[in-house]
Amino acid sequence: MKPDEWMRLENEADVPSPALVLHLERIDENLRRMVALVGNPARLRPHIKTHKLPQLVVRQLALGITKFKCATIAEAELAASAGAADVLLALQPVGPNVGRLLQLMRTFPAVRFSTLTDSPEALATLNRAATAAGVSVEVLLDLDVGQGRTGIAPGPEAAALYRTMSTLPGIRPGGLHAYDGHLHQRAVAERAAACERAYAAVEKLRTELLAAGLTVPRVVAGGTPTFPFHARRGDVDCSPGTCVLWDAGYGTNMPDLDFLPAATLLTRVVSRPARNRVCLDLGHKAVASEMPHPRVIFPVLPNARAVGHNEEHLVLETEDAGNFPVGTVLHGIPWHICPTVALHSHVSVATAGRASAIWPVVGRARFISI
Ligand SMILES: Cc1ncc(COP(=O)(O)O)c(C=O)c1O
């Protein structure tokens, strides 16, 4: 059996390249493993940034997952349209996105929306807009547990901001948000220990807020690398995203996590510019390229080296080039799936080894209707 056998499609001759192919049975298996890992779908709040697809929201709803995390207003809108009951916009709304969040709440009154804050100014703006609109917005305090990207360090300043939240008429305190996306230790014991250290401050803050008589309805924590550790806590909503589609980056660096690559890139040899080179139609407009090579892993070309990457071309150097004539189909696993999805207006959907549908990547848009 060829190492890329599971990625190949009976009707691949009909699939234009480059294409991102979603393997539906593998996605369903990843969803089942995600639920099994935490034991209860009510404890899940998967991030939809990875796939940006209403069809995959619907498949998660079928497993009893009702809460979702998203990063953009468009993702929030697609989740709500697809039937999500509870949508957390995990990016503090500023500028016109404040009004767009309120518009989302008006358009989907049955959906429980919430968002994040780490700033008294942004919170005050949101409170003013919500009060003027006659509504209140549920807001979680965004905590910086070490990534240094957004959030406020758990401590007295964070407690003060949470207390402020509970005094504002347009704001309902929704609990705490702690994303630990900086924890990428390959060794599971080291990653687990780092996760516990980072989370200890969150737990301490929660205890203090509760002791002060404040309500802390929930804590939302983590992505995929720390999912197993937050899953053990019992009282935390887990928010992994990548594990739904999986990729070569996490597959290589997180050996303890048992998910299946479920999204592959279908490309063709478009030229053989030298005896030991193949050029593929897989430029950086088709595969995420924010990291060094390899940006895609080809199981049939384990020793190939990327020597050139342009908008529509990927040039590989390999002594096996002679075995890959112009027109040959190659299948690879992207290193980083989330931004790869965002490069594709449509995905090809494979079931039972056949490309059987094409889905628009609805959440790739910055605007849908709001
Ligand atoms: C705030 C937040 N939560 C959750 C996730 C999901 O993490 P992962 O991609 O590791 O599953 C991300 C990913 O970027 C994120 O930014």
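A quick note: this is a predicted structure, and the numbers were derived from the prediction, not measured. (Residues numbered from 1 in each chain as written. Predicted model: local features only at pLDDT ≥ 70, side-chain atom pairs only at ≥ 80, totals over all residues.)

1. Some remarks on the overall build of the chain
Applicable threshold: Think of it this way: any DSSP run of H or I at least four residues long counts as a helix, any run of E at least two long counts as a strand, and we number them from the N terminus. Atoms counted for the radius of gyration: C-alpha only. Globule rule: 2.2 Å times the number of residues to the power 0.38. Every C-beta atom is placed from the backbone, and the number of other C-beta atoms within 10 Å of a residue's own sets its class: buried at 20 or more, exposed at 12 or fewer, partly exposed in between. Contact between two residues is assigned whenever their backbone-derived C-beta positions fall within 7 Å.
Scanning the chain from terminus to terminus reveals 10 helices and 16 strands. Against the compact-globule benchmark of 21 Å for 370 residues, the chain has a radius of gyration of 22 Å, which places it among compact chains. Looking at the chain as a whole, 45% of its 370 residues qualify as buried. Counting only contacts in the chain whose residues sit at least 6 apart along the sequence, the fraction spanning at least 24 positions is 68%.

2. Structural notes on the domain arrangement of the chain
The cut-off we apply is this: Where each domain starts and ends follows an automatic or database-derived domain assignment. In the scheme used here, Gly and all other residues not listed as nonpolar or charged are polar, with Ala, Val, Leu, Ile, Met, Phe, Trp, Tyr, Cys and Pro taken as nonpolar and Asp, Glu, Lys and Arg as charged.
Considered domain by domain, the chain is made up of domain 1 (5-21 + 259-361) and domain 2 (45-239). Here the C-alpha centroids of domain 1 and domain 2 sit 35 Å apart. Taken together, the contacts link 6 residues of domain 1 with 6 residues of domain 2. Element by element, the count of residues in the side of domain 1 that touches domain 2 is highest for helix α10 (residues 337-342), at 4 residues. Residue composition of the side of domain 1 that touches domain 2, by class: 6 nonpolar, no polar and no charged.

3. Some thoughts on the nonpolar core
Filter applied, for reference: Each nonpolar core consists of buried Ala, Val, Leu, Ile, Met, Phe, Trp, Tyr and Cys residues. Their C-beta atoms, within 7 Å, join them into a set.
By size, the foremost hydrophobic cluster in this structure holds 101 residues, and its most contacted members are Ala76, Ala79, Val87 and Ala178. The residues that make up this core include at least three from each of domain 1 (5-21 + 259-361) and domain 2 (45-239). What alanine 79 contacts, discounting residues up to four positions off in sequence, is Ile48, Val57, Phe68, Cys70, Ala84 and Val87.

4. A look at the environment of threonine 328
Relative to the helices and strands, threonine 328 is located in the loop between β13 (314-317) and β14 (329-334). Through-space distance from the C-alpha of threonine 328 to that of valine 270 is 8.2 Å; in sequence the pair is 58 residues apart. Excluding residues within four positions of it along the chain, threonine 328 makes contact with Arg268 and Val269.

5. What to know about the site of the ligand
Quick note on the threshold: The C-beta atom of each residue is placed using the backbone, and any residue whose C-beta lies within 6 Å of a molecule or strand is treated as near it.
Close to the ligand lie His47, Lys69, Ala90, Tyr179, Gly181, Gly223, Thr224, Pro225, Ser239, Pro240, Gly241 and Thr242, which account for all nearby residues. Taken together, the residues of the shell around the ligand sort by class into 4 nonpolar, 7 polar and 1 charged.

6. Things to note about the sheet that holds strand β7 (residues 219-221)
Rule in force here: Think of it this way: DSSP has to see at least two bridges between two strands before they count as a pair. Helix axes use the C-alpha atoms of the stretch in contact, all axes being lines fitted to C-alpha atoms, and the angles between their N-to-C directions lie in the range 0 to 180 degrees.
With parallel pairing, the 7 strands of this open sheet are ordered in space as β2-β3-β4-β5-β6-β7-β8. Strand pairing shows two members of the sheet lacking a second neighbour, β2 (67-70) and β8 (237-238), which therefore form its edges. Looking at chain direction, β7 and β8 are connected through 2 bridges and run parallel. Counterpart to alanine 221 in the pairing with β8 is cysteine 238. Sheet strands in contact with helix α5 (residues 120-133) are β4 (112-117), β5 (137-143) and β6 (171-178), and its direction is about 145° off that of β6. Sheet strands touched by helix α6 (residues 156-165): β5 and β6. Its angle to β5, the strand with the most contacts, is close to 180°.

7. Re the pairing of β6
Selection criterion: With its strands directed away from the observer, a crossover is right-handed exactly when the path from the first strand over the helix to the second travels clockwise.
The buried fraction of β6 amounts to 7 of the 8 residues, a majority that puts the element mostly inside the structure. One ladder, built from 7 bridges, connects β5 with β6; its direction is parallel. Residue pairing in the sheet places aspartate 142 in a bridge with histidine 177 of β6. Taken together, β5, α6 and β6 form a β-α-β motif whose crossover is right-handed. As paired elements, β6 and β7 share 3 bridges and run parallel to each other. Considered in β7, the bridge of alanine 178 is made with alanine 221. Taken together, β6, helix α7 (residues 188-211) and β7 constitute a β-α-β crossover, and its handedness is right-handed.

8. Re helix α3 (residues 73-82)
Of all 10 residues in α3, 9 are buried; the element is thus mostly enclosed. Those residues of α3 that fall on the buried side of the exposure criterion are Ile73, Ala74, Glu75, Ala76, Glu77, Leu78, Ala79, Ala80 and Ala82. Tucked inside the fold, the buried residues of α3 contact α2 (54-61), β2, β3 (86-89), α4 (96-107) and β4. Immediately downstream of α3, the backbone of glycine 83 shows phi near 110°, a positive value.

9. Some details on the packing of α2 against α3
Our working definition: For this classification, under 35 degrees means roughly parallel, over 145 means roughly antiparallel, 65 to 115 means roughly perpendicular, and everything else is oblique. Crossing handedness is read from the near helix: turned anticlockwise from the far helix by less than a right angle, it gives a left-handed crossing, and turned clockwise, a right-handed one.
Here α2 crosses α3 at 50°, and the two axes come no closer than 9 Å. As judged from the angle between their axes, α2 and α3 are oblique. Crossing handedness for the pair α2 and α3: right-handed. Here α2 contributes Pro54, Val57 and Val58 to the contact with α3, which in turn contributes Leu78, Ala79, Ser81 and Ala82. Taken together, the residues of the contact of α2 with α3 sort by class into 6 nonpolar, 1 polar and no charged.

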